[in-house]
Each structure stands twice: as structure tokens, then as C-alpha cells.
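Topology and contacts: notes
Given next are the chains, with one letter for each unit.
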Amino acid sequence: GRTWLVVGRSTSGRTVTRCATARAAVVLSGIGGARTGCVWLAPAGMTVGDDAGVTRHQDRTAIVTGGASGIGRACAERLAAEGARVVIADLADGIDVVKGIASNRGVARALTVDVSDPIAVAALVADTTTSFGPPLIVVHCAVHQFLSPIEEVTYEQWQRTQAVNVDGLFHLTQASLPGMRQARWGRIIAVASSTFFVGARSMTPYVTSKGAVIGFV
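Everything quoted here is computed from the prediction, not taken from an experiment. (Residues numbered from 1 in each chain as written. Predicted model: local features only at pLDDT ≥ 70, side-chain atom pairs only at ≥ 80, totals over all residues. Heavy atoms only, no water.)

Attention now goes to the overall build of the protein. A tally of helices and strands in the protein yields six helices and nine strands. Classification of the 217 residues of the protein by burial places 47% in the buried group. The contacts of the protein with a sequence gap of at least 6 include a subset with a gap of at least 24, amounting to 56%. Per element, the accessible surface of the protein, about 10,600 Å² overall, is 52% carbon and sulfur. (Helix = DSSP H or I, 4+ residues; strand = E, 2+ residues; numbered from the N terminus. Buried < 20%, exposed > 50% of the residue type's maximum accessible area, 1.4 Å probe, protein only. Contact = heavy atoms within 4.5 Å. Areas by Shrake-Rupley, 256 points an atom, 1.4 Å probe, with all protein chains shown as cover.)

Following this line, the structure appears as C-alpha cells:
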């Protein structure tokens, strides 16, 4: 399988960003006006339209952590639109996303999962495999972040941020790779942040975690 790195999104119009490996581009297309964005992955240099790849993930299964809102929701909706069976793994309720996907004739389910817990992540992958087949696409969008001057951050807050943002990616990768290797196909997508390159006031734990995600990829 390949690991893809997403470093940003477009909230108005369409943007193409090179991945760190230079083997792919991340195409970010506006959905629902200017309020959201959707990640669409394509080979580097490929030109894609809004209706490109409508069924390119037909009969594949995808897991999207943090899929109940934001970038994760956009990823889940796009993958479902392209034919994938999608499992939304989030601490928040993802039923509205599932209903929206179903209304467009897609297939999805939502599970409550704490990605910082390796046992919970292993159960997520096992449950997904039983219900839909082995997840060959996994997108790690689950995130923990907050605003605080570094001198006021507690160690527990620091640990929780790294546990969700970094450990969650580690657990998800370890749990899903065997199925991908057996299928001889797979995609692991890690969502990073441009804040690692430009900095962000009062977000040191979050920015640090996104730097670790980049290093992981």
C-alpha cells in the first residue's frame, strides 16, 4: 500500500497540492459551496473533473476516522460517491453522515471509536472486515486540538493530543496493513497540517503532532 499525505484543503474553488512523495497529487474540490472541501486523490499531474472516478472505488471498503465532521466527513462522502463502502469511526455521532450517504444510494455505517486505544482500533478493523470486507482505504482524520499558551498546557492535554493524532495513525496502520498486503492493494491517507511549516500561536501540542504525522509518512 501507499501512504498519502494531505497538508491542506480548499474552501473555495479547486487546488492541487503535491504530496511529499511526489508520486501523487491531492486534489481538493469544493463541496456545498465555500464552507467545506473534499480530498480527492489522483496520480501526479492527472487532470480531473468534478465527475471523475465516480465508481473507481466500487466494491472497496474504506475507514475514515474523524468522519463525523469537517475534512473527515468530506472524505467519507466522496469515497462513498465513488463507490466505496465507508465506515465512519469517530467519538462524535456520525449518523447524519450515514443518512446523507444512504440518501445518495451509498453504503456507510458509523461506529464510536477512540483511535488512541489500540484494542478499539483492532476491533474497528475486525468489525469492518466482517461487515464490509477488509478496509483497503483508511483515512486518519481524527484529531484532538485546543488553544492554550504552552506554559499552561497540562501533561494530560499534551498526551491526549499525541495519542489521538499520532498514536491513532500508528494503530490504524498496524491493524489495516495485513488486509492490504493480502489484497496486494491499499491506501493509507494521513491528514497533516500546514501549521507545521508556518507555526500557529497557542497550538504547540497540535502542531507538534502534525509534524510527527509528516515524519510517519
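Back to the write-up after that little detour.
Put simply, helix H1 (residues 70–81) and helix H2 (residues 95–103) touch, their axes get as near as 10 Å, and they point 25 degrees apart. The orientation of H1 with respect to H2, classified from their angle, is roughly parallel. Crossing geometry of H1 relative to H2 is assigned as right-handed. Along its contact with H1, which presents Arg73, Ala76, Glu77 and Ala80, the element H2 presents Asp96, Val97 and Ile101. A breakdown of the residues in the contact of H1 with H2 according to their chemical character gives four nonpolar, no polar and three charged. (Axes fitted to C-alpha atoms, helices over the stretch in contact; angles between N-to-C directions. Parallel < 35°, antiparallel > 145°, perpendicular 65-115°, else oblique. Left-handed = near helix turned anticlockwise from the far one by under 90°. Nonpolar A, V, L, I, M, F, W, Y, C, P; charged D, E, K, R; others polar.)

Let us now look at the packing of aromatic side chains. By the definition in use, this model includes one aromatic pair. For the pair Phe196 and Phe197, a centre-to-centre distance of 5.4 Å together with 80 degrees between the ring planes defines the contact as edge-to-face. Looking at Phe197, the relative accessible area reads 57%, which means it is exposed. The ring of Trp185 carries the charged tip of Arg60 above its face, separated from the ring centre by 3.7 Å. (Phe/Tyr/Trp six-rings, centres within 6.5 Å; stacked < 30°, edge-to-face > 60°. Lys NZ or Arg CZ within 6 Å of the ring centre and 35° of its normal.)

Okay, H1 next. Residue pairs three or four apart in sequence face the same way in an α-helix, which turns once every 3.6 residues. The first and last C-alpha atoms of H1 sit 17 Å apart over twelve residues, in line with the 16 Å expected at 1.5 Å per residue. Gly83 lies just past H1 and shows a positive phi near 105 degrees. (Expected span 1.5 Å × (residues − 1).)

Quick look at the pattern of salt bridges now. Counted according to the given criterion, the structure contains six salt bridges. Among the salt bridges present, the one from Arg160 reaches Asp114, with a minimum N-O distance of 3.3 Å. Pair noted here: Arg160 is in helix H4 (residues 155–183) and Asp114 is in the loop between strand E7 (107–112) and helix H3 (118–132), with a separation of 46 residues, a long-range link. A relative accessible area of 27% means that Arg160 is categorised as partly exposed. By sharing partners, the salt bridges in this structure join Arg56, Arg78 and Glu82 into a single network. (Salt bridge = Lys/Arg side-chain N within 4 Å of Asp/Glu carboxyl O.)

A separate point is the pairing of E7. Judged from the six bridges that link them, strand E6 (residues 85–90) and E7 form a sheet pairing that is parallel. When the sheet's bridge partners are listed, Val86 is paired in E7 with Ala108. (Pairing = 2+ DSSP bridges.)

To continue, consider unusual backbone geometry. Backbone geometry at Asp59 places phi at a positive 70 degrees, although glycine is not the residue there. Positionally, Asp59 belongs in the loop between strand E4 (36–43) and strand E5 (61–65). A relative accessible area of 57% places Asp59 in the exposed class. In the Ramachandran plot, Ser202 falls in the positive-phi region, its phi being about 65 degrees despite a non-glycine side chain. Here Ser202 lies in the loop between helix H5 (195–198) and helix H6 (204–216). For Ser202, a relative accessible area of 25% gives the class partly exposed.

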